[in-house]
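# Summary of the model geometry
Each chain, written out:
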Amino acid sequence: MTQSEINEVLSRPLSQELLARDLTRLAYVAKDGTPRSIPIAFAWNGEQIVLCTTPNAPKLHSLRANPAVALTIDTEVHPPKILLIRGTAELDHTDGIPDEYLQMNGSYEMTAQQRVEWEREVRSLYTDGMVRIVITPTWAKLIDFENTLPTPVQELVQRRSARQEAV
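Presented here is an overview of the structure given in this document.

### Focus on the overall build of the protein
Counting secondary structure elements, the protein contains 6 helices and 7 strands. Ordered by position from N to C terminus, the α and β elements of the protein give α-α-β-β-β-β-α-β-β-α-α-β-α. Here the C-alpha coordinates of the protein stretch approximately 70 × 40 × 30 Å along the principal axes. In the protein, the proportion of contacts linking residues at least 24 apart, taken out of those at least 6 apart, comes to 70%. By element, 52% of the accessible surface of the protein is carried by carbon and sulfur atoms, the whole surface being about 10000 Å². Distance from the positive charge centre (17 side chains) to the negative charge centre (22 side chains) of the protein: 7 Å.

### Description of the sheet that holds strand 3 (residues 43-44)
Strand pairs in the sheet, formed through backbone hydrogen bonds, run parallel or antiparallel to each other. The sheet built from 7 strands is open, its strands ordered 2-1-5-6-7-4-3 with antiparallel pairing. With one partner strand each, in any of the chains shown, strand 2 (35-41) and strand 3 form the two edges of the open sheet. Where strand 3 meets strand 4 (residues 49-53), 2 bridges bridge the pair, whose relative direction is antiparallel. Paired with Ala-43 across the bridge in strand 4 is Val-50. Strands in contact with helix 1 (residues 3-11) are strand 3, strand 6 (82-94) and strand 7 (130-143); relative to strand 7, the strand with the most contacts, it is inclined by about 90°.

### Description of the nonpolar core
Ranked by size, the top nonpolar core spans 28 residues in total, and within it Leu-19, Ile-49, Leu-83 and Ile-135 carry the most contacts. Mapped onto this core, the elements with two or more residues apiece are helix 1, helix 2 (13-19), strand 1 (23-29), strand 4, helix 3 (58-65), strand 5 (68-74), strand 6 and strand 7. It is strand 7 that contributes the most residues to this core, 5 residues altogether. Membership of the second largest hydrophobic core comes to 12 residues, among which are Ala-41, Ile-97, Leu-102 and Val-134.

### Notes on the packing of aromatic side chains
The tally for this structure, following the rule as stated, stands at 2 aromatic pairs. The interplanar angle of 20° and the centroid separation of 6.0 Å between the aromatic rings of Tyr-101 and Trp-118 together place this pair among those described as stacked. In this pair, Tyr-101 sits in helix 4 (residues 99-104) while Trp-118 sits in helix 5 (residues 112-125), placing the two residues 17 residues apart along the sequence. Exposure remark for Tyr-101: the relative accessible area of 14% places this residue in the buried category. Centroid distance Tyr-101 to Tyr-126: 5.9 Å. Interplanar angle 65°. Geometry classified as edge-to-face. One end of the pair, Tyr-101, is in helix 4; the other, Tyr-126, is in the loop between helix 5 and strand 7, with 25 residues separating them in the sequence. Note on accessibility: Tyr-101 and Tyr-126 belong to one class, buried. The structure contains a cluster of three or more aromatic residues connected by ring pairs, namely Tyr-101, Trp-118 and Tyr-126.

### Quick look at the pattern of salt bridges
Within the structure shown, the criterion is met by 9 salt bridges. Across the pair Asp-74 and Arg-25 runs a salt bridge whose closest N-O atoms are separated by 2.9 Å. Within this pair, whereas Asp-74 is found in strand 5, its partner Arg-25 is found in strand 1, the two being separated by 49 residues in sequence. With a relative accessible area of 34%, Arg-25 lands in the partly exposed category. Arg-36 is paired through a salt bridge with Asp-32; the nearest N and O atoms lie 3.6 Å apart. Asp-32 gets classed as exposed once you look at its relative accessible area, which sits at 54%. Through salt bridges with shared partners, one network takes in Asp-92, Glu-100 and Arg-132.

Thresholds, definitions, all that
Residues numbered from 1 in each chain as written. Predicted model: local features only at pLDDT ≥ 70, side-chain atom pairs only at ≥ 80, totals over all residues. Heavy atoms only, no water. Helix = DSSP H or I, 4+ residues; strand = E, 2+ residues; numbered from the N terminus. Contact = heavy atoms within 4.5 Å. Areas by Shrake-Rupley, 256 points an atom, 1.4 Å probe, with all protein chains shown as cover. Lys, Arg positive; Asp, Glu negative; His and termini not counted. Charge placed at Lys NZ, Arg CZ, Asp CG, Glu CD. Pairing = 2+ DSSP bridges. Axes fitted to C-alpha atoms, helices over the stretch in contact; angles between N-to-C directions. Core = buried A, V, L, I, M, F, W, Y, C linked by side-chain atoms within 4.5 Å. Buried < 20%, exposed > 50% of the residue type's maximum accessible area, 1.4 Å probe, protein only. Phe/Tyr/Trp six-rings, centres within 6.5 Å; stacked < 30°, edge-to-face > 60°. Salt bridge = Lys/Arg side-chain N within 4 Å of Asp/Glu carboxyl O.

Any link to function would need more than the numbers given here.
Listed below in structure tokens is the structure:
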């Protein structure tokens, strides 16, 4: 997939709506060689997806060994809206709390006082900093079940149409 094709998918209004959500599911290959898929908060900066984690997170060892990842951002309604992204993860250790971490947790419902207490707790907990997992998309697909379908379903639709035209 070319960069312009990726940009076209990610710039669609529905993709932008999904990229503004709180959680993605990160898939990667774990240290033992088995697949993992975990929910994790994220921030979209217009070019990359940024995740933040503790410096001792087991996924970091795995991502150093194999930086290939897949992300799913979706809705919980029918029909689902799904943004699938594949990419490469780069790890960036920070001394403090990354701005993206505060941004990605900014949409949770908190009063102003709860937000102050939450930030104080975060700053006291992550004294060794955090690791930013920066994912550059190398492939993207938007599925809305109205204009776009999963590829195998689209193939079935095309076969059905060909059968109906042949009758």
